[in-house]
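These are the residues of each chain, in order.
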Amino acid sequence: MLKGSFELIGDKSISHRAIMFSSISKGYNKISNFLMGQDCLSTISCFRKMGIDIDIKGKDVFVKGNGLRGLKKPNEILDVGNSGTTIRLIMGILAGNEFESTLIGDESISKRPMKRVTDPLRTMGCKIEGKEDANYTPIKIYGGNLRGIDYKMPVASAQVKSAIILASLYANENSIIYEKSKSRNHTEIMLKSFGADINVNDLKININPVDELYNQDVYVPGDISSASFIIVGTLITKGSEVLIKNVGLNKTRTGILDVVEAMNGNIEIINQRIVGGEIVGDLLVRYSPNLIATTINKDIIPRLIDEIPIIALLATQAEGTTIIKDAKELKVKESNRIKTVVDNLKLMGADIEELEDGMIIKGKNKLKGGKIKTFKDHRIAMTFSIANLISDGDIKLDNEECINVSFPGYLELISNLLK
Ligand SMILES: O=C(O)C1=C[C@@H](OP(=O)(O)O)[C@@H](O)[C@H](O)C1
Ligand SMILES: C=C(OP(=O)(O)O)C(=O)O
């Protein structure tokens, strides 16, 4: 069983943004509780290559911003590693800066679609070259001289939205973005605190260009996506009770809490507070023997997109048929997460069916052990390390290293909580 309490590691989405917005602000910025995961370190390395002074001291990062147009032409190719957030958001910033740069990433990044970002940036007047009409890396950007855009987003994606918002800061007129469905809004919240002129009215976002962003100190709350593995581990492992402290509870991220409630899971939110414009609280999670199935689709999907692999595992332990639909986006994450989840859970004896845009899971099932193919996807590795807590035989991951992308110290944390 899992027992105890711990302070949650910093949020990945917020950590990326804090580095990026600090780098293009004017002056000194302190970022506290920064996530020292591989993805966020890739963001730091890209901005260092563009002349930004960034110092890491423990869990704090100090950034000396060089102003909105103060980035220097990179002295090397910008390598984003495994990070979709880094490449997509940085493209919005590079589009506004008058130099040329080239972006590359690892094998997984080279398969992830970029046209969703390069198309609107081209519409704004940016010249971009890349494989298959700038859909895949390597991508070359020639920035500067942007015009505004009036854009209806074809996908519900915070990364695409953020790239366009960032480019809009540099344009010669205002821009309007219409979201398809509400995605995480950390960019809007944080950029406003840096002095950007952004107005949000439900799905409509209006951005006026600015001359400068102010410097800011940013406190990074804990990452609910990282917490979700411990949440599910606690809900499904007999006798467990865990207190997770300092969890970011921004409404655009808490879809998993709504799902757990619908499934009869026992979670109490305590000590809710606002820190740096974001809602934060502590979660008291208890073993829940009477879980029931649910349906997950439509507008909730962007609010839990990264949690679907671990929710699928939860569904194997719930009575009835859980249906997950409208989640095609899972196919273009670090791995095809519909296929990697379904194939691996099948191997463990789950009753699960793959759909074009999701999956159907029939519970409750006893799971057996086996060898898991992670495809070096951190969310898949963490999901199946939780499955190991309830499986009959041992589960072996073909790669554990990838967990460092978003949750360094995760395996040690689990072994500390295991009683
Ligand atoms: O903006 C962000 O920080 C993120 C947005 C999501 O991607 P999409 O917005 O492309 O779905 C999510 O999957 C990713 O882990 C982080
Ligand atoms: C999809 C993810 O990240 P990214 O898109 O930044 O690679 C994730 O962390 O699950």
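The name given to the protein chain in an unreviewed UniProt entry is 3-phosphoshikimate 1-carboxyvinyltransferase, with Romboutsia maritimum as the source organism. Per UniProt, the protein chain has the following entry under Pathway (unreviewed entry): "Metabolic intermediate biosynthesis; chorismate biosynthesis; chorismate from D-erythrose 4-phosphate and phosphoenolpyruvate: step 6/7." In its Subcellular location (unreviewed entry) section, UniProt records this for the protein chain: "Cytoplasm".

K.L.:
Sorry, what's going on with the overall build of the protein chain here?
P.N.:
Broken down by element type, the protein chain carries 13 helices and 22 strands. Computed over C-alpha atoms, the radius of gyration of the protein chain comes to 21 Å, within 12% of the 22 Å expected from 2.2 N^0.38 for 419 residues, which places it in the range of a compact globule. When the backbone C-alpha atoms are referred to their principal axes, the protein chain occupies close to 60 × 40 × 40 Å. Burial status across the protein chain gives 52% buried among its 419 residues.

K.L.:
Got a minute to help me understand the sheet that holds strand β9 (residues 150-152) in this structure?
P.N.:
Taken in spatial order, the four strands make up an open sheet running β9-β10-β12-β11, and their pairing is mixed. Among the strands making up the open sheet, the edge pair consists of β9 and β11 (197-201). Between one strand and the next, the sheet's axes are offset by a mean angle of 15°, whatever the strand orientation. One ladder, built from five bridges, connects β11 with strand β12 (residues 204-208); its direction is antiparallel. Counted as the bridge partner of N199 is N206 from β12.

K.L.:
Could you clarify how one ought to interpret the packing of helix α10 (residues 308-316) against helix α12 (residues 378-387) in this entry?
P.N.:
Any two packed helices are characterised by the angle at which their axes cross and by the distance between the axes. The interhelical angle for the contact between α10 and α12, taken along N-to-C directions, is 25°, at an axis separation of 9 Å. Accordingly, the angle class assigned to the pair α10 and α12 is roughly parallel. Taken as a pair, α10 and α12 cross one another with a handedness that is right-handed. For the pair α10 and α12, contact is made by P309, I310 and L313 and by R379, I380, T383, I386 and A387, respectively. Of the residues belonging to the contact of α10 with α12, the class tally is six nonpolar, one polar and one charged.

K.L.:
It is not clear to me how helix α11 (residues 337-347) should be interpreted in this structure. Could you clarify?
P.N.:
An α-helix turns once every 3.6 residues. As a result, residues three or four positions apart point the same way. Of all the residues in α11, the buried ones are R337, I338, T340, V341, V342, N344 and L345. Buried positions along α11 lie against α10, β19 (351-355), β20 (358-363), β21 (370-372) and α12. Of the residues one or two after α11, G349 is the one with positive phi, at around 95°.

K.L.:
Please explain the site of ligand 1 as it appears in this structure.
P.N.:
The immediate surroundings of ligand 1 are formed by S13, T85, S157, A158, Q159, S162, S183, R184, I305, D306 and E329. Counting residues per element, the shell around ligand 1 draws most heavily on helix α6 (residues 158-169), which supplies three residues. Here the shell around ligand 1 is built from residues that sort into two nonpolar, six polar and three charged. For the shell around ligand 1, the two domains that each supply at least three residues are domain 1 (11-219) and domain 2 (222-417).

K.L.:
What exactly am I supposed to notice about the UniProt feature "domain: Enolpyruvate transferase" (unreviewed entry) in the protein chain here?
P.N.:
Under the UniProt annotation, the feature "domain: Enolpyruvate transferase" (unreviewed entry) is placed at residues 2-412. With 30% helix and 27% strand, the stretch residues 2-412 has end C-alpha atoms that lie 13 Å from each other.

The rules behind these values
In this numbering scheme, every chain counts its residues from 1 along its sequence in written order. Lettering for chains starts from A, numbering for ligands starts from 1, and both go in the order in which the items are written. Restriction of local features to residues with pLDDT of at least 70 applies here, the model being predicted, together with a cutoff of 80 or more for giving and counting side-chain atom pairs; totals for whole chains, interfaces and linings are based on all residues. UniProt positions are given in the numbering used here, feature names are shortened, and annotations may be inferred rather than shown by experiment. Runs of H or I in DSSP of at least four residues are treated as helices and runs of E of at least two as strands, each being numbered from the N terminus. Within these notes, the globule rule equals 2.2 Å times the number of residues to the 0.38 power, and the radius of gyration is based on C-alpha atoms. For the exposure call, what matters is how many other C-beta atoms sit within 10 Å of a residue's own: 20 or more marks it buried, 12 or fewer exposed, and in between partly exposed, using C-beta atoms placed from the backbone. At least two DSSP bridges between two strands are required for those strands to pair. Axes here mean lines fitted to C-alpha atoms, for a helix over just the part in contact, with angles spanning 0 to 180 degrees between N-to-C directions. Any angle that is under 35 degrees is reported as roughly parallel, and any over 145 degrees as roughly antiparallel; angles of 65 to 115 degrees are reported as roughly perpendicular and all others as oblique. The hand of a helix crossing depends on one turn: near helix anticlockwise from the far one by less than a right angle means left-handed, and clockwise means right-handed. By the criterion used throughout, residues are in contact when their C-beta atoms, derived from the backbone, lie within 7 Å. In this classification, Asp, Glu, Lys and Arg are treated as charged, Ala, Val, Leu, Ile, Met, Phe, Trp, Tyr, Cys and Pro as nonpolar, and every other residue, Gly included, as polar. Put plainly, near means the residue's C-beta atom, positioned from the backbone, lies within 6 Å of the molecule or strand in question. All the domain ranges listed were derived from an automatic or database domain assignment.

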